[in-house]
Amino acid sequence: QVQLVESGGGLVQAGGSLRLSCAASRRTFSSYAMGWFRQASGKEREFVAAIMWSDGSTYYTDSVKGRFTISRDNAKNTVYLQMDSLKPEDTAVYYCATAPGGSKWLQGYWGQGTQVTVSS
């Protein structure tokens, strides 16, 4: 059993920054990747970013490229999402998740979500 705990969400002005953290209770050797998703009110959950545990390669949705950076600290079993130049449209509940295989997020573990609110 693995528990994912997100932190770092909050309220920030447009153009500001937040750094989200997702800490796993223990190393998840079976996880192919960890990533971040978000769901805005009234919208579908969407992929934001992912990082591969094997080589650290990263993937981003187009809307956050150049503004968000995903990183990981294997020793701390933690993944981060540095969010810069935040926009009101970034407002959402952000979830971290693991994937046992490529794009197999629903088969992995999910955190409880953390609210990010960006004001104009």
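Residues numbered from 1 in each chain as written. Predicted model: local features only at pLDDT ≥ 70, side-chain atom pairs only at ≥ 80, totals over all residues. Heavy atoms only, no water.

### Here's the deal with the overall build of the protein chain
Then step 1. The helix and strand tally for the protein chain stands at 0 helices and 10 strands.
Then step 2. Mapped in sequence order, the helices and strands of the protein chain form the string β-β-β-β-β-β-β-β-β-β.
Then step 3. On C-alpha atoms alone, the protein chain measures out to a radius of gyration of 13 Å, which is about the 14 Å that the 2.2 N^0.38 rule sets for 120 residues.
Then step 4. Principal-axis analysis of the C-alpha atoms places the extent of the protein chain at approximately 40 × 25 × 25 Å.
Then step 5. Counting over 120 residues, the protein chain shows a buried share of 44%.
Then step 6. For the protein chain, the share of sequence-separated contacts (at least 6 apart) that also reach a separation of at least 24 residues comes to 54%.
Then step 7. Accessible surface for the protein chain amounts to roughly 6300 Å². Of this, 47% is attributable to carbon and sulfur atoms. (Helix = DSSP H or I, 4+ residues; strand = E, 2+ residues; numbered from the N terminus. Rg over C-alpha atoms; globule rule 2.2 N^0.38 Å. Buried < 20%, exposed > 50% of the residue type's maximum accessible area, 1.4 Å probe, protein only. Contact = heavy atoms within 4.5 Å. Areas by Shrake-Rupley, 256 points an atom, 1.4 Å probe, with all protein chains shown as cover.)

### Considering the environment of serine 85
Then step 1. In this fold, serine 85 is placed in the loop between strand S8 (78-83) and strand S9 (92-99).
Then step 2. Exposure remark for serine 85: the relative accessible area of 41% places this residue in the partly exposed category.
Then step 3. Residues serine 85 and phenylalanine 68, 17 residues apart in the sequence, show an inter-C-alpha distance of 8.4 Å.
Then step 4. Beyond its immediate chain neighbours, meaning those up to four positions away, serine 85 contacts Gly15, Gly16, Ser17, Arg67 and Asp90.

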